[in-house]
Amino acid sequence: MQKLLSFHREYTFDGKKYFYDKCRKKYILKTPEEIIRQTTVKFFRWKLHTPLRNIQTEVSMKRYGYPERRDRADILILQPDGNTILAVVECKAAYIPIDEKVIAQLLRYAKALNSEFAFATNGSDLRVFRFDQRSGYKETECPASYKRMCRSNCNETPQAMTLSSRPDLKTLENITYVRRHYDSYIGRQTREHLKKKRYWPQQ
């Protein structure tokens, strides 16, 4: 995965460097963790041939039935249906080792989302886990492709956590709704001129 590090195109706004995240369709501030996240997205797209439409980045757990949680999954890989979670991916900055603490965090996400696969990486070290019907998640080799991942169906536990539906324009005009779902629409890294819309609460 290290070979992919040099392929990131950077953009500069107000003296700060950004990446353009094609999954979120917005500019994201360049940070050590974001470098690995974008590297990992490219790994899934170019090496495992995963369609971009089936990759999500920085996904709030609130969207999957956990309204009390403020944490986010770094990357989710979806089945071709676009709703069922195939894999959850935990990305760490290059200087953070993929140790047992990181793996424990990864598997908590995997179990909560009933994913078939779980990945953890810091850009150089990649650890992969696959659900086993007898013993839960077991470490395994990296799958050869997205298609091969989709053929695996050991985790038969139904996924009760599915993507929330997209609100219509009338719903988005409700300031109470927008404030309640603020984290899903606008983040701290959003550029200032985009935060000044009439319905967005100011930070």
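Please read these numbers as outputs of a predicted model, since none were measured by experiment. Numbering of residues starts from 1 in every chain and runs along the sequence as written. Given that this is a predicted model, residues contribute local features only at a pLDDT of at least 70 and side-chain atom pairs are listed and counted only at 80 or more, while totals for whole chains, interfaces and linings are drawn from all residues. Computation of side-chain values: all heavy atoms of the structure, hydrogens and water removed.

Student: How would you sum up the sheet that holds strand β4 (residues 55-60)? Please name residues and give values.
Tutor: The criterion for strand pairing is that DSSP finds at least two bridges linking the strands in question. Under the DSSP-based scheme used, a helix requires at least four consecutive residues in state H or I and a strand at least two consecutive residues in state E, with every element numbered from the N terminus. The mixed open sheet is built from six strands, whose spatial order is β4-β5-β6-β7-β8-β9. Either end of the sheet is taken by a strand with one partner, and the two such strands are β4 and β9 (136-140). Between one strand and the next, the sheet's axes are offset by a mean angle of 30°, whatever the strand orientation. Both strand β8 (residues 126-132) and β9 contribute to a ladder of five bridges, which runs antiparallel. Across the sheet, the residue bridging to V128 is T140, located in β9. Sheet contacts for helix α2 (residues 100-113): β5 (72-78), β6 (85-91), β7 (117-121), β8 and β9; angle to β6, the most-contacted strand, approximately 155°. In this description, a line fitted to the C-alpha atoms serves as the axis of each element, helices being fitted only across the stretch in contact, and the angle between N-to-C directions of two axes falls anywhere from 0 to 180 degrees. We call two residues contacting when some pair of their heavy atoms lies within 4.5 Å.

Student: For helix α1 (residues 32-47), give the residues involved together with the corresponding values.
Tutor: Expected helix span is taken as 1.5 Å per residue step, with the number of steps being one fewer than the number of residues. The first and last C-alpha atoms of α1 sit 22 Å apart over 16 residues, in line with the 22 Å expected at 1.5 Å per residue. Considered for burial, the residues of α1 that qualify are E34, I36, R37, Q38, T39, T40, V41, K42, F43 and F44. Positioned one or two residues after α1, H49 has a phi angle of 60°, which is positive. Between buried and exposed lies partly exposed: a residue is buried under 20% and exposed over 50% of the maximum accessible area for its type, with that area taken using a 1.4 Å probe on protein chains only.

None of the figures reported here should be taken as evidence of function without further support.
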